[in-house]
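Now for the letters of each chain:
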Amino acid sequence: MTPVTYDLDAIRTVFPSWSVFRSDAGAFYATRRGETLTDQQIDAGLQRTVCADGLANFVRLLQEQEGLR
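Each value, and the rule that gives it
- Residues numbered from 1 in each chain as written.
- Predicted model: local features only at pLDDT ≥ 70, side-chain atom pairs only at ≥ 80, totals over all residues.
- Heavy atoms only, no water.
- Helix = DSSP H or I, 4+ residues; strand = E, 2+ residues; numbered from the N terminus.
- Buried < 20%, exposed > 50% of the residue type's maximum accessible area, 1.4 Å probe, protein only.
- Areas by Shrake-Rupley, 256 points an atom, 1.4 Å probe, with all protein chains shown as cover.
- Core = buried A, V, L, I, M, F, W, Y, C linked by side-chain atoms within 4.5 Å.
- Contact = heavy atoms within 4.5 Å.
- pLDDT = per-residue confidence, 0-100.

Asker: Just to check I follow, could you spell out the overall build of the protein for this structure?
Answerer: Along the backbone of the protein there are 3 helices and 3 strands. Order of helices (α) and strands (β) in the protein, N terminus to C terminus: α-β-β-α-β-α. Taken over the C-alpha atoms alone, the protein extends approximately 45 × 20 × 20 Å along its principal axes. Burial statistics for the protein: of 69 residues in total, 26% are counted as buried. Counting only carbon and sulfur atoms, one obtains 52% of the accessible surface of the protein, whose full area is about 4,800 Å².

Asker: Looking at this model, I keep getting lost on the nonpolar core. Mind explaining?
Answerer: As a rule of thumb, nonpolar side chains are buried together in soluble globular proteins. One finds Leu8, Ile11, Phe15, Trp18, Val20, Phe28, Ala30, Val50, Ala52, Phe58 and Leu62 forming the largest nonpolar core, which totals 11 residues. If you list the elements that add at least two residues to this core, you get helix 1 (8-14), strand 1 (18-22), strand 2 (28-32), strand 3 (49-52) and helix 3 (55-67). When residues no more than four places from it in sequence are discounted, the contact partners of Leu62 are Ile11, Phe15, Trp18, Ala30 and Val50.

Asker: Mind showing me how you'd approach the confidence of the model for the protein here?
Answerer: A low pLDDT score tells you not to read the predicted coordinates there in detail. Looking at the protein as a whole, the pLDDT averages 92, with 93% of positions reaching at least 70. Across the protein, element-level confidence peaks in strand 3 with a mean pLDDT of 98 and bottoms out in helix 1 with 94.

If you want it as structure tokens, here you go:
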């Protein structure tokens, strides 16, 4: 079986306003860097932190968050 590869540095380059990491359990996480969201932004769907078990889903979540800006 070929292991699934991922490049967190590439994701960090594409999404520089997010702090990106992978947990010991294998989940992908991203937290906004130096930004406090208002109640209005949160109500509009912006999230301070996103997480996903799979890389494709994780990137999709980050793209969605960027699209809400």
